[in-house]
Amino acid sequence: MARALVLVVCVLAACGDGLGPPRVRPAPTPDTQAALRVPGARSPRAASYRIDARYDAAAHTITATETLTWRNDSGVTADELPFHLYLNGFKNETTLFMRSSHGAHRGNHPHADGWGWIEVGSIKIGGQELRATATYQGPDETVLRLPLPAAAAPGATVEVTLAFTAQLPRVMARTGYEGAFTMVGQWFPKVGVLTGPRGFERWDCPPFHANSEFFADFGVYDVALTVPDTHLVAATGVLTAVEPHDDHTRTLRYHAEDVHDFAWMIDPYMQVMSATADVAGTPVEVRVVYRPRQRAFARRHLQAGVGAIETFSKLFVPYPWSIMTVVDPPPEAMAAGGMEYPTLVTTAADNVLMRPGVRVPEFVTVHEIGHNWFQGLLASNESREAWLDEGVNEWADALVMAALYGEKQSAIDWNGWKAEDLRLRRAIDPDLGGLPSAIASTAATFPDSGAYASATYTKTAVALHTLAHVIDQDGARFAAAMKRYAETWAFKHPTGADLFASLEETLGEDLDWFVQPAFQHPGGVDFAVRTADCQRNHPPRGVFGEGSARRTEVADHSPATGGYLCRVVIENRGTIPVPVTIEVGYRDGTHERFTWDHRDASRWQEFEFARSSPIARVTIDPEGLVLLADHPLDDDIRIDGDRHAAWRATARLTFWTQSLMQVVGL
Ligand SMILES: [Zn+2]
């Protein structure tokens, strides 16, 4: 999801007004594209679904049957199938989701008349009814465990058919309805993932927690949606057939391959604009689905969407599917905005304050589309390692935004104000070293959503940016190694350990010195110039020699030579030993740079200089490449006179101030 949402203040009046009653729409034309841009199975396809669902637009309910074809790709025998029933997280105030979100998700509260739930009425294998044997497990009803009547050995396939009814909630946490708009996500019983070292796999199917997102196996989805003929549907995959009925409904058949989720939107007022992205010489259709009054923003989302598909494809692996749909929810349904699903994302930030050049709407679109790589293709476990999709995606988003809009103005280029994406984020999140939890923490173990978000999004992204610029000055080698990681792990379930092993192999470097303190433990980087002073250089004074040869040298006898002896002590009060450039400027206008590489974990270093001119300024990290560093104000000092160091506002302080003013201005 996109954290930029927290910045967004909804000032547009509710949409939907003035649109009149829903009117019958012409039947949509089936898509001519195949589901995959280049045909051929890409993933193991271990969990495939056929779903036949009917949507009641008045009651916001779905009645459906679902057939899951699950293949045991693990090395262990499975004697049960656990299913996520995410919608039950919205059932009442006692669910883990509601308790862990303190009744609000990103500031959105549940509505008294808008609880959501899902009820599985029937579960059959081989025609045998098994519903009575399935039990809820955990603190609420978000996980249903089905004992298998016959255990599934490695390689065996199980076909299970479930009948269910879903009541969508008033929109909260990515899913539900508001007015005539409905976003349908996490809406069907979804099997967990058998994961772990080969031969020791275990089910991963945790109860739904406010900070946890999702994890599932790849498969093929064939989903038939029977909906009112007044409504437009946007969904994962491609539309393969449309069947009209004589009760003012029609059935839309969708097909998706090598995806691990299926989501859809339904709305009677939405329109579609589209454009074509070029991916490795083949077209990808990018669509934006929007309400008419959001047309100007839709154009911005479309331009960002095409750029995102093309740029992520070049930086990592080519987008494998043929369509990308960006749903732009009406402002009153903002809780549905900023969420990723395979081949379909929701965007946000259509706000009058987001003038052209204030690129929050573009960023949300880039971020959500980026998730089609970081989680859509590289299907990591979001509840166990949220940073591996959110934070890695944020790091990649910065590259994409820079490629699309220019590095210095990747976030803002408005009225003379310019701001760079990751630096702006850093200004909003100033104390990463003080976070209570390590980046590599399970989502449910963070003390609150603020700590979760700062570690998972910002700290991860700036840690990777910092590491990239330690590897080489412009980060290009690191970016190339990330591309290799994407190529190696696409359509699989990489872990954080897999990511760093892949990077180490490609780079030919041990990264443990950084990965351990930066990802596995709390703490940060906090450079400071501890001491910086100079003394006039002169021959030694005092008493020298013995007996008749004894003499005393005093100042008159040993005048200053005109040179200076200067001493600078640099320290890192944090826990992550990032090599850093130090620049020393002299009063005669010359300067020199050197590197303090303290990967041996020394906390400070003294440097001595003898020069003809005294030190005028000491700057740690003059290029500002160590984005992980907290408290930048003591990283840059000027020395007034010969001996006195003075902390002074310098160019970097001006930068941070401007960034913060921009944030406040937002
Ligand atoms: Zn995200």
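Colleague: Even after reading the chapter, I still don't get the nonpolar core, so can you show me in this structure?
Modeller: As a rule of thumb, soluble globular proteins bury nonpolar side chains together. Counting residues in each nonpolar core, the largest one holds 189 residues, and the members touching the most others are Val233, Trp264, Met265, Ile309 and Leu628. No other element matches the twelve residues that helix α6 (residues 449–471) contributes to this core. Among all residues touching Leu628, those that are not within four sequence positions of it are Leu432, Val462, Ala463, Thr466, Gly524, Val525, Ile576 and Val578.

Colleague: How should I be thinking about the pairing of strand β7 (residues 143–152) in this particular structure?
Modeller: Along a regular strand, successive side chains alternate from one face of the sheet to the other. Judged from the six bridges that link them, strand β3 (residues 78–84) and β7 form a sheet pairing that is antiparallel. Note that in β7 the partner of Phe83 across the bridge is Leu144. Bridging between strand β6 (residues 135–136) and β7 involves two bridges; their strand directions are antiparallel. Bridging from a neighbouring strand, Thr135 pairs with Arg145 of β7. Adjacent in sequence and paired antiparallel, β6 and β7 are bridged by six residues, among which Gly138 carries a positive phi angle near 115 degrees.

Colleague: Help me understand unusual backbone geometry in this model?
Modeller: Negative phi is the rule for most residues except glycine; trans is the rule for most peptide bonds. Although it is not a glycine, Gln186 sits at a positive phi angle of roughly 50 degrees. One can find Gln186 in the loop between β10 (181–184) and β11 (190–191). Residue class for Gln186 comes out buried when judged on the 26 C-beta atoms lying within 10 Å of it. Of note, Phe491 is a non-glycine position whose phi angle comes to about 65 degrees, a positive value. We classify Phe491 as partly exposed; it has 18 C-beta atoms within 10 Å.

Colleague: When you look at the packing of α6 against helix α7 (residues 476–489) in this model, what are you seeing that I'm missing?
Modeller: Angle between the axes and distance between the axes: these two values describe a pair of packed helices. The geometry of α6 relative to α7 is characterised by a closest axis approach of 7 Å and an angle of 115 degrees between their N-to-C directions. Residues Leu467, Ala468 and Ile471 of α6 form the contact with α7, whose own contacting residues are Arg477, Phe478 and Ala479. A class-by-class count of the residues in the contact of α6 with α7 yields five nonpolar, no polar and one charged.

Colleague: I'm lost on α6 in this one. Help?
Modeller: The α-helix advances 3.6 residues per turn, and as a result positions three or four apart in sequence lie on the same side. Spanning 23 residues, α6 covers 32 Å between terminal C-alpha atoms, matching the ideal 33 Å at 1.5 Å per step. The sharpest bend along α6 measures roughly 35 degrees and falls at Lys459. α6 sits mainly inside the fold: 21 of its 23 residues count as buried.

Colleague: Looking at this structure, how should I read the domain arrangement of the protein chain?
Modeller: Accessible area lost upon the coming together of the parts serves often as the stated size of an interface. Domain boundaries in the protein chain define domain 1 (1–19 + 278–523), domain 2 (42–268) and domain 3 (527–665). For domain 1 versus domain 2, the separation of C-alpha centres amounts to 25 Å. If you look at the interface, domain 1 gives 33 residues, while domain 2 gives 39 residues. Residue assignment for the side of domain 1 that touches domain 2 shows that the elements contributing at least two residues are β21 (323–327), β22 (339–341), β23 (344–346) and α6. With three residues, the single largest contributor to the side of domain 1 that touches domain 2 is β21. For the side of domain 1 that touches domain 2, the residue count by class is 22 nonpolar, nine polar and two charged.

Colleague: Even after reading the chapter, I still don't get the pairing of β3, so can you show me in this structure?
Modeller: Pairing of β3 with β11 involves two bridges; the strand directions are antiparallel. The residue bridging His84 from the neighbouring strand is Lys190, located in β11.

Colleague: Looking at this structure, I do not really get the sheet that holds β7. What am I missing?
Modeller: Paired through backbone hydrogen bonds, the strands of a sheet run either parallel or antiparallel to each other. Pairing is antiparallel across the open sheet formed by four strands, whose spatial order is β6-β7-β3-β11. At either end of the open sheet lies a strand with only one pairing partner, and these are β6 and β11.

Colleague: Explain the sheet that holds β10 to me, please; I cannot follow it from the model alone.
Modeller: Pairing is antiparallel across the open sheet formed by four strands, whose spatial order is β9-β10-β18-β15. Among the strands making up the open sheet, the edge pair consists of β9 (176–178) and β15 (232–235). Each strand of the sheet is rotated relative to its neighbour by a mean of 10 degrees, with strand direction disregarded. Bridge count between β10 and strand β18 (residues 264–267): three bridges; the pairing is antiparallel. Its bridge partner being in β18, Thr182 is matched across the sheet by Ile266.

The rules behind these values
- Residues numbered from 1 in each chain as written.
- Predicted model: local features only at pLDDT ≥ 70, side-chain atom pairs only at ≥ 80, totals over all residues.
- Core = buried A, V, L, I, M, F, W, Y, C linked by C-beta atoms within 7 Å.
- Buried ≥ 20, exposed ≤ 12 C-beta atoms within 10 Å, placed from the backbone.
- Helix = DSSP H or I, 4+ residues; strand = E, 2+ residues; numbered from the N terminus.
- Contact = placed C-beta atoms within 7 Å.
- Pairing = 2+ DSSP bridges.
- Axes fitted to C-alpha atoms, helices over the stretch in contact; angles between N-to-C directions.
- Nonpolar A, V, L, I, M, F, W, Y, C, P; charged D, E, K, R; others polar.
- Expected span 1.5 Å × (residues − 1).
- Bend = angle between axes of the 7 residues up to and from the residue.
- Domains from an automatic or database assignment.

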